[in-house]
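# Descriptive analysis of the structure
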Amino acid sequence: MTDDNSTPSSPRLEVRDLTVAFGGLTAVAGVSFDVEPGEIVALIGPNGAGKTTVFNAVCALVRRRGSVSIDGEPAPTRPSGLVGHGVSRTLQGLGLFSGLTVRENLLVPLASRADREALVDRELSRLGVAHVAHAPVGALPYPERKRVALARALVVQPRLLLLDEPAGGLGSEDIAALGAVIRESAQAGCAVLLVEHHVDFVMSIADRIVVLDFGQVIARGTPDQVRDDPRVEEAYLGVKAA
Amino acid sequence: MNRLIPSMARTTRIVVAGAILTTIAIGGTFLLDPYRNYQLATIAAIFCATAGLTLLVGLSGQLSLGHAALMAVGGYGYALANTVLTEAGIDGALRFVIGMMAGVVTAGGLGLLLGLAAARLQGPYLAGLTLAVVIALPAVTAVFSGVLGGDEGLQTAYDGVPTLLRTAIAVEQWQAWVSILVAGVVVTALAILARGRLGLHMRAVRDDEVAAGLNGVRAGRVKVAAFTWSAVAAGAGGAVLCFVTQSVSPGAYTLAFSLLLVVAVVVGGLGSIGGAAIGSALIVLLPWLIETAAGTLELPAGLEQRLAGNVAILVFGALLIMVAIAWPARLAGARRRTRTAPKPTGTIADATTTPRDPAVPDTGSAAPTRHGSPVPRGARPDDLVAPINAPDHKSVPADQIER
Ligand SMILES: Nc1ncnc2c1ncn2[C@@H]1O[C@H](COP(=O)(O)OP(=O)(O)OP(=O)(O)O)[C@@H](O)[C@H]1O
Ligand SMILES: [Mg+2]
């Protein structure tokens, strides 16, 4: 889980001048930021700010300009190469394989790894979904599906974890559990980049925050710095963030 | 099985189960008269195709309306090889095995091509392509009538019962044995594929192609592999059917037959091998049952003839409708199971309820409620719904962009 072969100077994830355009719409415009191993960085901003598009660009799901590097190496140019580079991502809409059982969902990213059964077992019990291992994912209540999505991202023991609204739709107990799991991963050396609207959660978990608006970075810093930044309040239409 | 022999590896278990079922079916031929054995031989041949089709549709989520054409190609491959070998003085088991391989390889080749196209096509376009293949079949055999024999098709040499068994069984029973054995091998192989990594990846791609990609699955390859294996199975079925009937012609592989194959696997339950077996039996037995029933009614000859051709299709249609009403899940395969899940759902359940503004590309916010979130600027109502085929990550994979 920790980095073995990275040059000490290069961050786990390095995004430079990232730009994504959809026809005439520039959804992401010259965004740059880093995430270091063991660090939790939150990417926040109003709806449509371009957060998911940043993820999609990092994952090579959309055409990107600028550079994305992982441990100093260019990021894969096809999504299916990400897992092999130690990159996991959850999707805003869960993206689970609803016709597969919980267990099968976790087996997919492990391909033919010899230790896959053990890895799946460990992850399922860590996230408290071992008891539904053989249930079809589509039949589970939402919070459990959310856990399965997280388990599937973690089962490959990623070096870089991208979470798109992991707390979305969850109650406070589930959010607390989620926070614990994310911190645990970071402590083990995983770099975490998360998109989240739940402000209290973001403030409590993030080491640093990057604020996007209209595809551009309008503020960055520690939670305290960002909280007091007038541009951030403005972006959120004058409603005080937390 | 699982509980009886828990220590056995999965593949071994499937092989043992396949061998047992094949043996039982072969044993069953002793209970049947020659005509029934001929029917059983036909069912086994068609079972190869329906099993391949159910794997393709039920597991990989790709629809083929052209599996009859793939069977036909297997039949032609077998017949051509058979002719060449007969002229070269080769016969018996060797001729049969080489003929089978020729049929399987030819059908697999066409399946590979279709699969490559399929990986770039979605739903209706793929269905259209496979439909075109089956519709084009008579024209192709007409254009190359020198080799393929036009409407007449090709005849193959007669394979009688091997000398050792000649006094024991009739030729129809022998043909049933061969056909059952081929089906046993083909379907066992398919079952191993379905239970293995390829099967898992096929289902993952079917459920969510983008998520599959992000989890290391190369969706294009998986789809092509599914199509190829499915075609190989159909080709084996066509080849062994050619062995049984000693002929292959476009008239045997009509569009109606091709559609029947699809209906049969749907009625049997998509993705289910047992269902494929039931479906293949229905295809063969239903017309025969109806003919028999019509015969007992002593209808005028003309009417009886007309009925014989059409009632079977009518009954299939009715069955399809009944299945659609009684078990809608069968039609959609496993993937729509989410619909029954409690709310709030991630992406699918509410997806069709709100029309989307085509001018505003989906931002994919399928997140239900947002606790403690600041008031989002310009939150759109459609942010709370995602279109059915484009979950949050609606941004199409790189290779499909800008289509
Ligand atoms: N595939 C696409 N094609 C066209 N436009 C897109 C595409 N994906 C995103 N967009 C547009 O890009 C902009 C940024 O969208 P994005 O989904 O990245 O926002 P977001 O910050 O994740 O918002 P939310 O908080 O609602 O999830 C939006 O205007 C969106 O409509
Ligand atoms: Mg988003």
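Treat the numbers as computed from the prediction; the structure is a model and nothing was measured. (Residues numbered from 1 in each chain as written. Chains lettered and ligands numbered in written order. Predicted model: local features only at pLDDT ≥ 70, side-chain atom pairs only at ≥ 80, totals over all residues. Heavy atoms only, no water.)

## Thoughts on the overall build of chain A
The test is simple: Think of it this way: any DSSP run of H or I at least four residues long counts as a helix, any run of E at least two long counts as a strand, and we number them from the N terminus. With C-alpha atoms as the basis for the radius of gyration, the globule rule is written as 2.2 Å multiplied by the number of residues raised to the power 0.38. Only heavy atoms enter the contact rule, under which two residues are in contact if any of them lie within 4.5 Å. Residues counted as positive are Lys and Arg, residues counted as negative are Asp and Glu, and His and the chain ends are not counted. Note on charges: their place is set at NZ of Lys, CZ of Arg, CG of Asp or CD of Glu.
Across its full length, chain A holds eight helices and ten strands. A globule of 242 residues ought to have a C-alpha radius of gyration of about 18 Å, and chain A, at 17 Å, matches this closely. Each of the three principal axes of chain A carries a C-alpha extent, and together these read 50 × 40 × 35 Å. Residue pairs in contact within chain A that sit at least 24 positions apart in sequence constitute 64% of those at least 6 positions apart. Charge-centre separation for chain A: the mean point of 24 positive side chains lies 5 Å from the mean point of 29 negative side chains.

## Describing the domain arrangement of chain A
Residues and elements named next belong to chain A. The criterion, for reference: Note that domain bounds follow an automatic or database assignment of domains. Accessible-area loss on putting two parts together, using a 1.4 Å probe and summing over both, is the definition of buried area adopted here. Salt bridges are defined by distance alone: a side-chain nitrogen of Lys or Arg within 4 Å of a carboxyl oxygen of Asp or Glu.
If you check the domain split of chain A, you get domain 1 (13–86 + 158–237) and domain 2 (91–140). The straight-line distance from the C-alpha centre of domain 1 to that of domain 2 is 24 Å. Listed by partner, the interface residues are seven residues for domain 1 and five residues for domain 2. Buried surface at the junction of domain 1 and domain 2, both sides included, amounts to about 530 Å², of which 48% is carbon and sulfur. Counting across the interface, domain 1 meets domain 2 through one salt bridge.

## Quick word on unusual backbone geometry
Residues and elements named next belong to chain A. Positioned with a positive phi, Asp 17 is a non-glycine residue whose angle comes to about 50 degrees. Looking at where Asp 17 falls in the secondary structure, it is placed in strand E1 (residues 13–22). One non-glycine residue with positive phi stands out, namely Phe 214, at about 45 degrees. By the element assignment, Phe 214 lies in the loop between strand E9 (208–213) and strand E10 (216–221).

## Overview of the packing of aromatic side chains
Ring pairs (aromatic) are described by centroid distance and by the angle formed between their planes. Let me state the cut-off plainly: Two rings from Phe, Tyr or Trp (for Trp, the six-membered ring) form a pair when their centres are within 6.5 Å of each other. A pair whose planes differ by under 30 degrees is stacked, one over 60 is edge-to-face, and the rest are tilted. For every residue, the accessible area (1.4 Å probe, protein chains only) is compared with the maximum for its type, and the residue is labelled buried under 20%, exposed over 50%, or partly exposed between those bounds. Should the NZ of a Lys or the CZ of an Arg lie within 6 Å of a ring centre and within 35 degrees of the ring normal, that charge is described as sitting over the ring.
Across all of its chains, the model carries six aromatic pairs over all chains by this definition. Between Tyr 35 of chain B and Tyr 38 of chain B the ring centres are 6.4 Å apart and the planes differ by 25 degrees, which places this aromatic pair in the stacked class. One end of the pair, Tyr 35 of chain B, and the other, Tyr 38 of chain B, are both in helix H2 (residues 34–60), three residues apart, so they sit about a helical turn from each other. With relative accessibility at 44%, the residue Tyr 35 of chain B sits in the partly exposed group. The class of Tyr 38 of chain B is partly exposed, set by a relative accessible area of 31%. Here a set of aromatic residues connected by ring pairs shows up, and it is made of Phe 30, Trp 174 and Trp 177 of chain B. Geometry around Phe 97 of chain A places Arg 152 of chain A over its ring, the cationic atom sitting 4.6 Å from the centre.

## Description of helix H12 (residues 273–296) of chain B
All names here are of chain B. As a reminder of what qualifies: By this rule, a helix spans an expected 1.5 Å times one less than how many residues it contains. Across the chain, bend at a residue is computed as the angle between axes fitted to the seven residues ending at that point and the seven starting from it. For the purposes of these results, a polar contact is taken to be a pair of N or O atoms within 3.5 Å, where, inside protein, one atom must be able to donate a hydrogen and its partner to accept one; residues adjacent in sequence count only when each atom of the pair is a side-chain atom.
For H12, built from 24 residues, the straight-helix expectation of 34 Å at 1.5 Å per residue is met to within 8% by its first-to-last C-alpha distance of 34 Å. Taking the largest bend as the criterion, H12 deviates by roughly 35 degrees, centred on Leu 285, and proline Pro 287 comes between one and four positions later. Within the span of H12, buried status applies to Gly 275, Ala 276, Gly 279, Ser 280, Ile 283, Val 284, Leu 286, Ile 290 and Ala 294. A side-chain oxygen of the first residue of H12 lies 3.5 Å from the backbone nitrogen of Gly 274; this N-cap is Ser 272.

## Structural notes on the sheet that holds E10 of chain A
All names here are of chain A. As a reminder, the rule being used: For two strands to count as paired, DSSP must find a minimum of two bridges between them. Note on geometry: axes are lines fitted to C-alpha atoms, helical ones only across the stretch in contact, with angles between N-to-C directions running from 0 to 180 degrees.
Within the open sheet, the six strands sit side by side as E6-E7-E8-E3-E9-E10. Their pairing is mixed. Here the strands that pair on one side only, and so sit at the sheet edges, are strand E6 (87–89) and E10. For this sheet, the mean angle separating the axes of adjacent strands, direction not counted, is 15 degrees. As paired strands, strand E3 (residues 40–44) and E9 are joined by four bridges and run parallel to one another. Each residue of the ladder has a partner; that of Ile 44, found in E9, is Val 211.

## Quick look at the environment of Val 132 of chain A
All names here are of chain A. Residue position: Val 132 is located in the loop between helix H3 (116–126) and helix H4 (142–154). Under the relative-accessibility criterion, Val 132 is labelled buried at 11%. On a C-alpha basis, the gap between Val 132 and Val 83 in space is 25 Å, while along the polypeptide they are 49 residues apart. Leaving out residues up to four positions away in the same chain, Val 132 has contacts with Val 102, Leu 140 and Glu 144.

## A word on the coordination of the magnesium ion (ligand 2)
All names here are of chain A. Quick note on the threshold: For Na, K and Ca the donor cut-off is 3.2 Å, while for other metals it is 2.8 Å, and in both cases only N, O and S atoms qualify; water is not among them, so sites may look incomplete.
Coordination of the magnesium ion (ligand 2) by the protein is provided by Thr 52 (OG1) and Gln 92 (OE1), with metal-donor distances spanning 1.9 to 2.3 Å. Within this pair, whereas Thr 52 is found in helix H1 (residues 51–58), its partner Gln 92 is found in the loop between E6 and helix H2 (102–107), the two being separated by 40 residues in sequence. The exposure classification of Thr 52 matches that of Gln 92, with both residues buried.

## Some remarks on the sheet that holds E1 of chain A
Residues and elements named next belong to chain A. The antiparallel open sheet is built from four strands, whose spatial order is E2-E1-E4-E5. Of all strands in the sheet, those bounded by a partner on one side alone are strand E2 (25–35) and strand E5 (73–74). As paired strands, E1 and strand E4 (residues 65–70) are joined by five bridges and run antiparallel to one another. When the bridges of E4 are listed, Arg 16 appears paired with Ser 67. Strands in contact with H1 are E1, E2 and E4; relative to E1, the strand with the most contacts, it is inclined by about 110 degrees.

## Overview of the pattern of salt bridges
Where charged atoms from two side chains of opposite charge approach closely, those side chains can pair. Residue and element names in this part refer to chain A. Summed over the entire model, instances satisfying the criterion amount to 18 salt bridges over all chains. Put simply, Arg 103 and Asp 121 hold a salt bridge, and the shortest N to O gap is 2.9 Å. You can see Arg 103 sitting in helix H2 and its partner Asp 121 sitting in helix H3, a full 18 residues away along the chain. Taking relative accessible area as the criterion, Arg 103 reaches 14% and is therefore assigned buried. Overall, Asp 121 belongs to the partly exposed group, its relative accessible area being 40%. In this structure, Arg 122 engages Glu 123 in a salt bridge whose closest nitrogen and oxygen atoms are separated by 3.5 Å. Glu 123 gets classed as buried once you look at its relative accessible area, which sits at 1%.

## Observations concerning the packing of helix H1 (residues 10–28) of chain B against helix H7 (residues 171–195) of chain B
Geometrically, a packed helix pair is captured by the angle between its two axes and the distance between the axes. Residue and element names in this part refer to chain B. So the rule is basically this: For classification purposes, angles smaller than 35 degrees are called roughly parallel, those larger than 145 roughly antiparallel, those between 65 and 115 roughly perpendicular, and all remaining angles oblique. Each crossing is labelled by how the near helix is turned from the far one, with a counterclockwise turn of less than a right angle marking it left-handed and a clockwise turn marking it right-handed. Residue type decides the class: Asp, Glu, Lys and Arg count as charged, Ala, Val, Leu, Ile, Met, Phe, Trp, Tyr, Cys and Pro as nonpolar, and the leftover types, Gly among them, as polar.
The N-to-C vectors of H1 and H7 enclose an angle of 160 degrees; their axes lie 9 Å apart at closest approach. Taken together, the axis directions place H1 and H7 in an arrangement best described as roughly antiparallel. Relative to H7, H1 is oriented so that their crossing is right-handed. Mapping the contact onto sequence places Arg 10, Thr 11, Ile 14, Val 15, Gly 18, Thr 22, Ala 25 and Ile 26 in H1 and Trp 177, Ile 180, Leu 181, Gly 184, Thr 188, Ala 191, Ile 192 and Arg 195 in H7. Considered class by class, the residues forming the contact of H1 with H7 number nine nonpolar, five polar and two charged.

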